[in-house]
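# Overview (structure and organization)
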Amino acid sequence: MSHASLTDDILRHLTFTLAQTPEGASRQDWRVALSLALRDRILVPWFEADAKVRAAGGKRVYYLSMEFLIGRLLDDAAINLGLQDDARRAMAALGQDYADLVEAEPDAALGNGGLGRLAACFMESMATLECPAFGYGIMYEYGLFKQGFKDGQQTEAPDDWLSRPNPWGLVHPAAHYIIPFKGEVVTENDRPVWRPSETVRAEARDVPVIGWGGTWANTLRLWRAEPTTPFDLTRFNRGDHVGGAEAEMQARSLSRVLYPDDTSYQGKELRLKQEFFLTSAAIQDILARHLAEGHTLNDLPDHVAIQMNDTHPAIAGPELMRLLMDDHGMEFADAIAIAQKCLGYTNHTLLPEALERWATYLFGSVLPRHMQIVEQINQWHLQTHPTRPHYVGVVKHHEVRMGELAFVTSHKVNGVSALHTDLVKKNLFPELEALHPGRIVNQTNGVTPRRWLRMCNPALSGLITDTIGAGWEADLDRLRELEPHVEHRSFRHAFGAAKRTNKVHLSNWLGAEMGVKIDPDAMFDVQIKRIHEYKRQLLNILETVARWKAIRDNPNAGWVPRVTIFGGKSAPGYTVAKEVIRFINDVAVVINADPVTRDLLKVVFPPDYNVSMAERLIPAADLSEQISTAGKEASGTGNMKFMMNGAPTIGTLDGANVEILQEVGRENFFLFGLTTEEVAARRENPDHAKEAIEASQPLQDVLQMVVEGRFSPDQPDRYHGLVNRVWYHDYFLVASDFASYLEAQGEADRAFADPDRWLRMAALNTARSGFFSSDRTIRGYMTDIWDIAPTTRGTA
Ligand code: 26Q
């Protein structure tokens, strides 16, 4: 495929699909025309992949997730097809700048953070590994809100991402299902019959997901809610213009907007309906495909592996059983046996406030038949495990516990890092682990190196290919071959040059977007992730204030210049997180205006952090901030992206940091803070924060400055509540870890001041990051959970 034929196809799409002339075409038109020309080249591998699976009668993975945090797809598709250079040349021949068109694509933010981005990385890895798979999600009309700052405070605006054309979502008119809700369950001929009082229609939008090499594509099938009853013309004609559209509005609300919370769940009816909408459409689709391919329902586990991304689709077990029993006459015992063999459940959190529990009255009113089945499952589990403690159960205290439900309906339950899986066994499900030894397994998260190294960091990718040859993208362990080169000054120099290129790009972008001038030779210290108390952005900004004060007290002490960069959104209702955002912005105003420290310290917090912004920030980062309270971050995946891109971590022994430390070695990681066990012990002391503050002069000074209103001169008491929480309600141990963090930051300064030492560390981070490819993770799921033999692709 040459760039000439690509040029022809782009022009053909511009003319005949978009009905535009080259002269009249906008940037969006060119972007869509190019996307369509690339999409054409995905279709054949896509159809062929499906035909191969059908012919082989093989097993497919069905990945059920309420979130897919996709980001942009154009450059990713071009790279995986091996057509990036051709696309660049074709666009140049047409007088367009390829990079400009890539930027014109809206960022598909159908997810909140880590869990949703993991699902997107998994889709790409499954396609790369030629693992037959469908992703099932929701085609939200509005993705995660757009974040703005007004006087430093977060504002939220709807993310109207579909207002610009989306060439990646193909309408699949044949795939549509009726999703029932509410009503009652009656008995007919001794069998329960659900008579729903509401229905909506699920319609499929298919996004083809092309793997590295362009030989295989899977489907991400996103459901859109549509009314089952057409527009009520009678009501409209009676003059009730709004009422005529009510049913339509009600139905469409199910796929209207992504819930922007990623911890505290609220128990809202609409959310439960969204979860069932996704899950029922998916299960109906799976059964329809299975039967259409000529298999019997008893064979289901031979052809179907369903993975539940957290408990959000945990109604999958009861829904599958309902269809098997009520529509196909299967007995309960057979139905649960089949469900268990098909289902797997991935847990992503230990935070108690994030565990889904639905009041039985709500659950029973929205899903009356499922309520009966859940009760039956609970009874069956108790009968088959009579030693089950009285306080354990799927239904307890008038609540349905989705974690327990997912656990007992699955054959495997997994955590997402070694430490997290340990804690899932010991703290979250100790009783179920005892009753079902071996069911809980670990699958440490990973990220796709195509997007998170090859695509976002062309400078470093080019150096890697020049050094170890092509093909490392699908065989990331090969990055180890860089290690001997790290000993060569010329390689370290080239590594540093690639990093500097990225830092210059970022400096220019930040200058243009935020009007700040930053020095590309300063240390870029980056913390990007959702704003959460447990992630401790507060610890980072308090340390930054301490640094500012120390520089002012002693400006000529040979300071390492730093730019402290934050990015991230807060859930709109999370008051404490929003206060942290405002505090960081207020601190930034004061520090950035200080002439004494201007060349040594800057704080920048660009608004509306998203996947595309991560792709700019990560390649330019020097230091990766992974500073959660030990035991709270299930894994983290940003930590892996930084490591791949040559940014050493400053971090706690939490989540996958533990494994990063193990891979990269103690001397290449800035470790600090209490361990999980020490955290628990420390909390036993009611004065832990007070004692830590009194033992640290810098922390006392910082808190004093904040109390005095140094960062809120127009309202000196603005942060009294914040400081008060550090003193008296410091559940996440900001105070207790402060001194240790300060020490580690000092170590990072000393390392950075020695460029040769730093480059060695940075390069070794990249060289030792192979383990964190999501290809490795997916191979793990295939062997340990899905019972699908991994192909040897990439490991040869
Ligand atoms: C639940 C109910 C109602 C509304 C929203 C939710 C909800 C939505 C999203 C609850 C949780 C989430 C997202 C959780 C998440 O992103 N967890 C992260 O998952 C990553 C991938 O495994 C890990 O790396 C992170 O450590 C973990 O925090």
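Scroll up to find the structure this text is about.
Because the structure is predicted, anything quoted here is derived from the model rather than measured. (Residues numbered from 1 in each chain as written. Predicted model: local features only at pLDDT ≥ 70, side-chain atom pairs only at ≥ 80, totals over all residues. Heavy atoms only, no water.)

## Re the nonpolar core
By size, the foremost hydrophobic cluster in this structure holds 250 residues, and its most contacted members are Ile10, Met126, Trp223, Phe277, Phe363, Phe583 and Trp786. Looking at this core, the element that brings in the most residues is helix H2 (residues 27–56), giving 10 residues. Excluding anything up to four places from it in sequence, Ile10 contacts Trp30, Ala33, Leu34, Ala37, Ala90, Met91 and Leu94. (Core = buried A, V, L, I, M, F, W, Y, C linked by side-chain atoms within 4.5 Å. Buried < 20%, exposed > 50% of the residue type's maximum accessible area, 1.4 Å probe, protein only. Helix = DSSP H or I, 4+ residues; strand = E, 2+ residues; numbered from the N terminus. Contact = heavy atoms within 4.5 Å.)

## Considering the pattern of salt bridges
Per the stated rule, a full pass over the model turns up 67 salt bridges. Put simply, Arg757 and Glu747 hold a salt bridge, and the shortest N to O gap is 3.0 Å. Residue Arg757 is found in helix H32 (residues 755–767), and its partner Glu747 is found in helix H31 (residues 734–753); the two are separated by 10 residues along the sequence. Relative accessible area serves as the criterion here: at 27%, Glu747 is assigned to the partly exposed category. The network of salt bridges with shared partners includes Asp525, Glu543, Arg547, Arg562 and Asp749. (Salt bridge = Lys/Arg side-chain N within 4 Å of Asp/Glu carboxyl O.)

## Overview of the pairing of strand E20 (residues 562–567)
Counting buried residues along E20, 6 of its 6 residues qualify, which places the element largely inside the surrounding structure. Taking every second residue as pointing to the same face, both faces of E20 are buried, with Arg562, Thr564 and Phe566 on one and Val563, Ile565 and Gly567 on the other. Across 6 bridges, strand E19 (residues 523–528) lies against E20 in parallel orientation. What sits directly across from Met523, in E20, is Arg562. Assessed by its sense of winding, the connection that carries the chain from E19 through helix H22 (residues 537–553) to E20 is right-handed. Pairing analysis gives 4 bridges linking E20 to strand E21 (residues 601–604), with the strands arranged parallel. (Pairing = 2+ DSSP bridges. Right-handed = clockwise from strand over helix to strand, strands pointing away.)

## Digging into the side chain of Gln307
Following the sequence through the fold, Gln307 ends up in strand E12 (residues 304–309). Judged by its relative accessible area of 0%, Gln307 is buried. Within polar-contact distance, the side chain of Gln307 engages the side chain of Thr346 at 2.8 Å. Excluding its chain neighbours within four sequence positions, the residues that come into contact with Gln307 are Tyr62, Tyr63, Leu64, Gly344, Tyr345, Thr346, Asn414, Tyr781, Ile785 and Trp786. (Polar contact = N/O pair within 3.5 Å; in protein donor to acceptor, adjacent residues only side chain to side chain.)

## Digging into unusual backbone geometry
Unlike most non-glycine residues, Ala19 shows phi in positive territory, near 55°. With respect to the element layout, Ala19 can be found in the loop between helix H1 (3–17) and H2. The exposed category is assigned to Ala19, whose relative accessible area is 62%. The backbone of Lys182 sits at a positive phi, close to 60°, despite the residue not being glycine. As for its position among the elements, Lys182 is in the loop between strand E7 (170–181) and strand E8 (184–188).

## A few points about the sheet that holds E7
Strand order in the open sheet made by the 9 strands is E7-E10-E11-E4-E1-E12-E13-E17-E18, with mixed pairing throughout. Each edge of the open sheet is held by one strand with a lone partner, namely E7 and strand E18 (440–442). Neighbour-to-neighbour, the strand axes of the sheet open up by a mean angle of 25°, direction not taken into account. Relative to strand E10 (residues 198–210), E7 runs antiparallel, the two sharing 9 bridges. Looking at E10, one finds that Ile178 is bridged to Arg201. Strands strand E1 (60–64), E7, E10 and strand E11 (217–227) of the sheet are contacted by H2, whose axis makes an angle of about 95° with E11. Lying on the sheet, helix H16 (residues 418–428) is in contact with strand E17 (412–415) and E18; it crosses E18 at an angle near 170°. (Axes fitted to C-alpha atoms, helices over the stretch in contact; angles between N-to-C directions.)

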